[in-house]
Amino acid sequence: MASLCFYFQVHQPYRVKDYRVFDVGNDNEYFNDDSERSINNKKILRKVAGKCYLPANAVLLELLKKHPEFKISFSFSGVFLDQLEEFSPETLASFQELIATGRVEVLEETYYHSLSFLYSPEEFRRQVTMHREKIQELFGVTPTVFRNTELIYNNALAHEVERMGYKGIIAEGADHVLGWKSPNFLYRPQGTENIKLMLKNYRLSDDIAFRFSSKEWVDFPLTAPKFAKWANEVNGNGHVINLFMDYETFGEHQWEDTGIFNFLRHLPEEIYKNPNNDFITPSEAIARYEPVAELDVHNFMSWADVERDLSAWLSNPMQHDAIQSIYKLEEDVLATKDEKIISDWRKLQTSDHFYYMCTKWFNDGDVHKYFNPYNTPYEAFIAYMNALQDLRLRVVGHPNYVKKVAVKKLP
Amino acid sequence: MWYNELESFTFYIYFMRVLMFGWEFPPHNSGGLGTACFGLTRALAVKKIEVLFVLPKKVSVTASFMDILFGDERRVKFLEIETTLKPYVTSEGYIRERDKVVSDIYGNTLMQEVKRYALRAREIAKKEHFDVIHAHDWLSFLAGVAAKKVSGKPLILHMHATEFDRTGGQGANEEVYKIEREAMQYADGIIAVSNFTKQKIVEHYGIPADKIQVVHNGIDECDYTSIPDKLADLKKAGQKIVLFAGRITIQKGPEYFIRAAKRVLEVNPNVLFLVAGSGDMERQMMLETASLGISDHVMFMGFLRGDDLNAAYKAADLFVMPSVSEPFGITPLESIIAGTPVLISKQSGVSEVITHALKTDFWDTEDMANKILGAVAHRSLSETLRGNSRQEIKKVNWDVASEKCVSYYEKIICDCGATSDTRYI
């Protein structure tokens, strides 16, 4: 039996506008700019909603109605849901309609799509709690499976998430971790008791997410029958094929004219042609299958770039400087108890800000450039640090700010 | 027989003789053109391309200078022609001198020199043997045209700058424009130093894009092995140093640099601005600096060359090139080699080959100041820029540029119907 487990990541950051040094002290709106000059989050969200979220949701709803056993799952960042509420309530309603079918699972993650686990475990736990509350409020469900930002994962994370009560956790099926092992089974994170680990089958996932419209690819064009054939080949040597990808694959990364929606529309019927196949959600996979082995992941891995490590967010001095600067403010920011300051501080933790500062492949103009709203990583850094400087002034100027004075030691 | 064939084959591919017309050459150069001619001809020599370089100068070329040029490793021969022609004149001086030409009141004008150069070129082209003619910028275009007329060999024009760049878009001279346009129409091929310049040629001169080949300039790190630290004392006051280096003329945008400096100092007074260069706008810039009340933060250093200029690059925390219209722009590359990150105007050719730089529109002094302040405030930013740009410019060298030139020579020679019988070598 081969089960297909679809999980779609849905996230949009609050991008920092072209915030200049001259705005410091004068302008607290780092993320909202309606001018043509700058990065307009509302416009971006509405564009993606029109190209991806709304049409893809319509296809999925149609499939859920047509196939009574069809199932999928989503993970939404809290900042994405906030933006939907503000800029596109009709898109939020269409997601709610999908989840109301009872066959669409929602996963847990950090509200701010942050790298907080790496810098502040307390902040990490707070953001997970905020996310859980948001999901309950909007969708009336409580997630039981966790996925960390950009599938960043290691043993320590699995331990923490197990302590927080989750039954499962999701990660990348990176070759350097799996070796000869297959991603098509469940694993037990090293040293844990109950939590189960599900790994992305990156080959089959990326066939859809990255290679679908690539004419240089030997298997181009990808059709639903062809993909179903590959899935069938897993029968007998795997339990579940984890197809994890950005939801924006449908209509935004792969445009409608590539035929991506038709592919999605016809995939379930092709998969069902083999009676051994089905679609399941992560929590069902965890209930149904036992781990086949323990998996030891000491170093952080992620689903980004060929390296599958942290280098997309943390490789050059600017990225380290920026992220250390934001977490250094934690204590003082929280002490203000000022909702707007705390929320701005958290919005600046979103991983995308550091991704935009990445210079690894900047020469080659690859995906980093494609997904970068700034002209250069350097401009991303300057705007971010300017905003951070303004935030720092707000914190220091706040009545609740306690100035730390060096106390002279008694002789 | 087999041996002979191989030999002639080798000769056919690797050897070629180029008659090249320029107007300046290091150390007797006042700008990027001489540096470019030096880099290009040296790289061509490595590729076994024989260059016959013609210079329109009566200026004293010292023996040591000649020695270097006649070095055996360099297949470059120099022919000099006596003229009073000066390659880089300042914009105002240029326009003044040029307009003298137009009115033709004075006897010994720039335009007459250009024509004299062409006559002399005709004599040279009659005597010498070569496969292709390569002429750099408008002052040598008539010489190139004359050489083609007398020899029938293909002519390639190399556009390092157009009349529209030199004048900052204000009052391009009709006669210069006419020489540029007619020569380009007559030539067999055109090399542009950037896509930025190619675009200008297409737009302003109506030359079809497919007649223009882009060959970006290069820089050879071996020419910058020891950069002296002699301006290190400038940093003793703990100030951050921001450098402008170039002719103080309308084309280079010095006034935008001064305006940005004013904005920077409003936020961070701990910055010192250096202006290295001279030109017709120097006085105006000094007055501007004084009237903005920032004279104590702006140092005019005069024209620097060689070690002095390199020391200035090295002392700086950021190099700024705010050019209004820069066909290429070699100075940012020199700064990067000296280890100093750069902020360059988007209206430049060099911006096409360097991604690891801060970039701005020359007129957007708010943005320029914002980026200067970012670079001086965050060590992490300059470190990232420095490391990445050093790596990146290794790919921007004269070997790559000369390779493109040679292929282009081959293509043009071939298009013009040359056969092994008509080829010189």
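Residues numbered from 1 in each chain as written. Chains lettered and ligands numbered in written order. Predicted model: local features only at pLDDT ≥ 70, side-chain atom pairs only at ≥ 80, totals over all residues. Heavy atoms only, no water.

- As recorded by an unreviewed UniProt entry, chain A carries the name Alpha-amylase and is attributed to Candidatus Nomurabacteria bacterium CG1_02_43_90.
- Per UniProt, the comment on chain A under Sequence similarities (unreviewed entry) is "Belongs to the glycosyl hydrolase 57 family." (UniProt positions renumbered as here; feature names shortened; annotations may be inferred.)

1. Structural notes on the overall build of chain B
Then comes step 1: Looking only at helices and strands, chain B has 16 helices and 13 strands in total.
Then comes step 2: Of all 425 residues assigned to chain B, the portion counted as buried reaches 59%.
Then comes step 3: Taking contacts inside chain B between residues at least 6 apart in sequence as the whole, the part at least 24 apart equals 73%.
Then comes step 4: A total of about 17,300 Å² of accessible surface is found on chain B, and carbon and sulfur atoms cover 52% of it. (Helix = DSSP H or I, 4+ residues; strand = E, 2+ residues; numbered from the N terminus. Buried < 20%, exposed > 50% of the residue type's maximum accessible area, 1.4 Å probe, protein only. Contact = heavy atoms within 4.5 Å. Areas by Shrake-Rupley, 256 points an atom, 1.4 Å probe, with all protein chains shown as cover.)

2. Thoughts on the domain arrangement of chain A
Residues and elements named next belong to chain A.
Then comes step 1: Domains assigned within chain A are domain 1 (2–295) and domain 2 (317–396).
Then comes step 2: Computed over C-alpha atoms, the centres of domain 1 and domain 2 are 24 Å apart.
Then comes step 3: The partner domain 2 presents 33 residues to the 35 residues of domain 1 that form the contact.
Then comes step 4: Summed over both sides, the interface of domain 1 with domain 2 buries roughly 2,700 Å², with 60% coming from carbon and sulfur. (Domains from an automatic or database assignment. Buried area = accessible area lost by both parts, 1.4 Å probe.)

3. Here we look at the confidence of the model for chain B
Residue and element names in this part refer to chain B.
Then comes step 1: With 82% of its residues at a pLDDT of 70 or more, chain B shows a mean pLDDT of 84.
Then comes step 2: With pLDDT under 50 throughout, residues 1–14 is counted as low confidence; its partners more than four residues away or in other chains account for nine contacts.
Then comes step 3: Low pLDDT, under 50, characterises residues 58–75; the predicted model gives this stretch 33 contacts beyond four residues in sequence or across chains.
Then comes step 4: Note on the complex model: pTM 0.89, ipTM 0.89. (pLDDT = per-residue confidence, 0-100.)

4. Side note on the sheet that holds strand E7 (residues 196–200) of chain A
All names here are of chain A.
Then comes step 1: Strands sit in the order E4-E5-E7-E6-E10 across an open sheet of five strands; the sheet is mixed. For this open sheet the edge positions go to strand E4 (145–147) and strand E10 (293–295), each flanked by a neighbour on one side alone. Strand-to-strand twist across the sheet, computed as the mean angle between neighbouring axes with direction ignored, equals 45 degrees.
Then comes step 2: Packing of helix H6 (residues 155–163) onto the sheet brings it into contact with E4, strand E5 (168–172), strand E6 (186–189) and E10, and relative to E5 it is tilted by some 160 degrees. (Pairing = 2+ DSSP bridges. Axes fitted to C-alpha atoms, helices over the stretch in contact; angles between N-to-C directions.)

5. A look at the pairing of strand E6 (residues 189–192) of chain B
Residues and elements named next belong to chain B.
Then comes step 1: Neither face of E6 is exposed, since Gly189 and Ile191 on one face and Ile190 and Ala192 on the opposite face are all buried.
Then comes step 2: The pairing of strand E5 (residues 155–159) with E6 spans four bridges and is parallel. Opposite Ile156, over in E6, you have Gly189 as the bridge partner.
Then comes step 3: Judged from the three bridges that link them, E6 and strand E7 (residues 212–214) form a sheet pairing that is parallel. When the bridges of E7 are listed, Ile190 appears paired with Ile212.

6. So, the packing of helix H12 (residues 317–328) of chain A against helix H17 (residues 377–396) of chain A
Residues and elements named next belong to chain A.
Then comes step 1: Between H12 and H17, the shortest axis-to-axis distance is 11 Å and the interhelical angle comes to 20 degrees. One element, H12, and the other, H17, form an angle in the roughly parallel class. For the pair H12 and H17, the crossing hand works out as left-handed. Here Met318, Asp321, Ala322, Ser325 and Ile326 of H12 come into contact with H17, specifically with Pro377, Tyr378, Phe381, Tyr384, Met385, Leu388 and Arg392. (Parallel < 35°, antiparallel > 145°, perpendicular 65-115°, else oblique. Left-handed = near helix turned anticlockwise from the far one by under 90°.)

7. Observations regarding the nonpolar core
Then comes step 1: With 78 residues, the main nonpolar core has Val16(A), Trp313(A), Ile326(A), Phe354(A), Tyr384(A), Phe273(B) and Ile372(B) as its most contacted residues.
Then comes step 2: Looking at this core, the element that brings in the most residues is H17(A), giving 11 residues.
Then comes step 3: Excluding residues that lie within four positions of it along the chain, Ile372(B) makes contacts with Val242(B), Ala260(B), Val264(B), Leu318(B), Val320(B) and Leu343(B).
Then comes step 4: Of all hydrophobic cores here, the second largest spans 64 residues; its members include Ala121(B), Ile124(B), Ile156(B) and Phe164(B). (Core = buried A, V, L, I, M, F, W, Y, C linked by side-chain atoms within 4.5 Å.)

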